[in-house]
Amino acid sequence: MKSKYVILASALLISVATFAQKDQIKAAEKAMKGGNSQEAATILQGAESLITNATDVEKAQFFFIKGNALLDLANKNVDTNTNLSLAAKAYQDLIAVEKASGKVKFSTQAATSITQIKFKLINNAIADSKIEKHADSAKKLYDAYLLDKNDTINLYYAASTYVNAKEYDTALKLYDELKNLNYSGKGTSYFAVNKLSGEEDVYATAQERDRMVKLGTHEKPRTEAVPSKRGEIYKNMALILVQNGKTEEAKKAMAEARVANPDDTSLILTEANLYLETKDYVTYKKLISEVLEKNPNDADLIFNLGVISTTANNTVEAEKYYKRAIEIKPDYVNAYLNLAILKLDADKKLFEEMNKLGNSEKDNKRYLVLKKQREAVFLDALPFLEKASELDPSNKEVKATLLNVYGALEMTEKKKALKAKM
């Protein structure tokens, strides 16, 4: 008799709990209709422990109201990051419940809300980056990726932003995830301007972008071809590993990447840069030759070889690569600019020596020699600077450098003419 009483009491407790949770769901729904999302969230928080005993229909309704309440709070800038995360979790729980039960009522609306949360996280991440809150930005980008793992670009941006935040171990973990996914990032991106923020939102598919334009929330759609990011990913992985004293592990990672992607020249460049960092110039030159064999007329690739050669203080090879890039692409602004900088770099030692000279007859003679050498350096750099300025007239850095060169060469008329244009 006693055991029957215990069973009956338990049943009564479950029954009372069921009524309580139904009342709380109704109360929360009423609060939401009245525009009080904070009250709704508080009510549902009290019912959280009872929801395991609810029916699938009640669970779905509970999670739907909870998600709506938390999303509304986030939109009102109330503990935005936490409430966005909790709202997304509620919607995901809702979709899981309805998928398991086969009774779909709120899933479509929940999926739309998850998409809204994803883009809100991305926009907030962009805003954080602008004020150099890189760690917060990276976390939001990673959370956006977790909401939609098909949109792997957010995982890539999260990893890159963790590098900016100097959280290298976390960045390495995300880069490793990208590597395991064999992510390259090569493809097409679809953009449209958000009418509310005025910022461009990026979409994985044209259909998704076009749907937002049709809804009227976005405008000015555009499409952009995206080059492979695989080289950058492995380069950053290698640099982090080298920084952590794991040089051999970095080399192994690069070798594996090359095997998996034998035709990706960006990886060969990355591997070359790794050997450059470790001062293995023999292997570096071997890899550079391999790159040139594959793409003898790729202006961008040859320009990059010039940059790497400059880093290695091999000015002769750097000049050769920059001039070759210009031969292939005569309007290559950065090649002209880098050539000019390469030439002007010789002025540093001359200028330093001149400043150390005294007023003796010997020093005065040496001063005149150095002055002529400096003039030769400026004259050597001048045509490249003038061409860069001609090709990119809005480049203030080029104009400022050119102005200094005109001044050093006492080209008064040219200096006045350029200054009038600035």
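Residues numbered from 1 in each chain as written. Predicted model: local features only at pLDDT ≥ 70, side-chain atom pairs only at ≥ 80, totals over all residues. Heavy atoms only, no water.

*Asks:* Got a minute to help me understand the confidence of the model for the protein in this structure?
*Replies:* Of the residues in the protein, 94% have a pLDDT of 70 or more, and the chain-wide mean is 83. Note on residues 1-20: pLDDT under 50 across the span, and two contacts to partners over four residues away in sequence or across chains. (pLDDT = per-residue confidence, 0-100. Contact = heavy atoms within 4.5 Å.)

*Asks:* What is the right way to look at the packing of helix H3 (residues 56-75) against helix H5 (residues 107-130) in this model?
*Replies:* Helix packing for two helices is described by the angle between their axes and how far apart those axes are. Relative orientation of the contacting elements H3 and H5 amounts to 25°, with a least axis distance of 11 Å. By the angle class used here, H3 and H5 are roughly parallel. The hand of the H3/H5 crossing is left-handed. Where H3 approaches H5, its residues Phe64, Leu71, Ala74 and Asn75 are matched on the opposing element by Gln109, Ser113, Gln116, Ile117 and Lys120. (Axes fitted to C-alpha atoms, helices over the stretch in contact; angles between N-to-C directions. Helix = DSSP H or I, 4+ residues; strand = E, 2+ residues; numbered from the N terminus. Parallel < 35°, antiparallel > 145°, perpendicular 65-115°, else oblique. Left-handed = near helix turned anticlockwise from the far one by under 90°.)

*Asks:* I keep staring at helix H12 (residues 265-277) and nothing clicks. Help me out?
*Replies:* Every α-helix winds through 3.6 residues per turn, so residues three or four apart in the chain are directed the same way. A rise of 1.5 Å per residue sets the reference length of H12, with its 13 residues, at 18 Å; its end C-alpha atoms lie 18 Å apart and thus fit the reference within 8%. Within H12, eleven of the 13 residues are buried, leaving the element largely enclosed by the surrounding structure. All of the buried residues in H12 are Thr265, Leu267, Ile268, Leu269, Thr270, Glu271, Ala272, Asn273, Leu274, Tyr275 and Leu276. One or two positions beyond H12, positive phi appears at lysine 279, with a value near 60°. (Expected span 1.5 Å × (residues − 1). Buried < 20%, exposed > 50% of the residue type's maximum accessible area, 1.4 Å probe, protein only.)

*Asks:* Where do I start with the packing of aromatic side chains in this structure?
*Replies:* What characterises a pair of aromatic rings is the spacing of the ring centres plus the angle enclosed by the ring planes. For the structure on display, the rule yields eight aromatic pairs. Plain terms: the ring middles of tyrosine 156 and tyrosine 157 are 5.3 Å apart, the flat faces sit at 55° to each other, and that makes the pair tilted. Relative accessible area serves as the criterion here: at 37%, tyrosine 157 is assigned to the partly exposed category. If you follow lysine 229 out to its NZ or CZ, it ends over the ring of tyrosine 156, 5.4 Å from the centre. (Phe/Tyr/Trp six-rings, centres within 6.5 Å; stacked < 30°, edge-to-face > 60°. Lys NZ or Arg CZ within 6 Å of the ring centre and 35° of its normal.)

*Asks:* Can you help me understand the environment of tyrosine 91 in this one?
*Replies:* With respect to the helices and strands, the residue tyrosine 91 is situated in helix H4 (residues 80-101). On a C-alpha basis, the gap between tyrosine 91 and glutamine 109 in space is 9.1 Å, while along the polypeptide they are 18 residues apart. Setting aside residues no more than four positions away along its own chain, tyrosine 91 makes contact with Phe64, Gly67, Asn68, Leu71, Ala110, Ser113, Ile114 and Ile117.

*Asks:* I tried to follow the sheet that holds strand S1 (residues 187-194) on my own but got confused; where do I start?
*Replies:* As a general point, the strands of a sheet are linked pairwise by backbone hydrogen bonds and lie either parallel or antiparallel. Within the open sheet, the three strands sit side by side as S2-S1-S3. Their pairing is antiparallel. Each edge of the sheet is formed by a strand with only one pairing partner; in this case those strands are strand S2 (200-203) and strand S3 (218-226). Direction aside, neighbouring strands of the sheet carry axes that sit 30° apart on average. Taken together, the four bridges between S1 and S2 define a ladder with antiparallel strand orientation. From the neighbouring strand, tyrosine 190 faces S2, where its bridge partner is tyrosine 203. Against the sheet, helix H9 (residues 206-215) touches S1, S2 and S3, its axis set at about 165° to S3. (Pairing = 2+ DSSP bridges.)

*Asks:* Please explain the nonpolar core as it appears in this structure.
*Replies:* Nonpolar side chains in soluble globular proteins generally cluster together in the buried interior. Tyr284, Ile288, Leu385 and Val405 are the most contacted members of the largest nonpolar core, which has 42 residues in total. For this core, the elements supplying multiple residues, two or more each, are H12, helix H13 (281-294), helix H14 (299-311), helix H15 (315-328), helix H16 (333-344), helix H18 (361-391) and helix H19 (396-408). Among the elements that take part in this core, H16 stands out by supplying eight residues, more than any other. With near-sequence residues (within four places) excluded, leucine 385 lies in contact with Leu337, Ala340, Leu344, Val398, Thr401, Leu402 and Val405. (Core = buried A, V, L, I, M, F, W, Y, C linked by side-chain atoms within 4.5 Å.)

*Asks:* What is the right way to read the pattern of salt bridges from this model?
*Replies:* Opposite charge on two side chains lets them pair, provided their charged atoms get close. Under the counting rule described, the total for this entry stands at 21 salt bridges. Lysine 133 is paired through a salt bridge with aspartate 136; the nearest N and O atoms lie 3.9 Å apart. Overall, lysine 133 belongs to the partly exposed group, its relative accessible area being 38%. One salt bridge in this structure joins lysine 323 and glutamate 319, with 2.8 Å as the shortest N-O distance. Residue lysine 323 and its partner glutamate 319 are both found in helix H15; the two are separated by four residues, about one turn of the helix. Where salt bridges share partners, they join Glu319, Lys323, Lys343 and Asp380 into one cluster. (Salt bridge = Lys/Arg side-chain N within 4 Å of Asp/Glu carboxyl O.)

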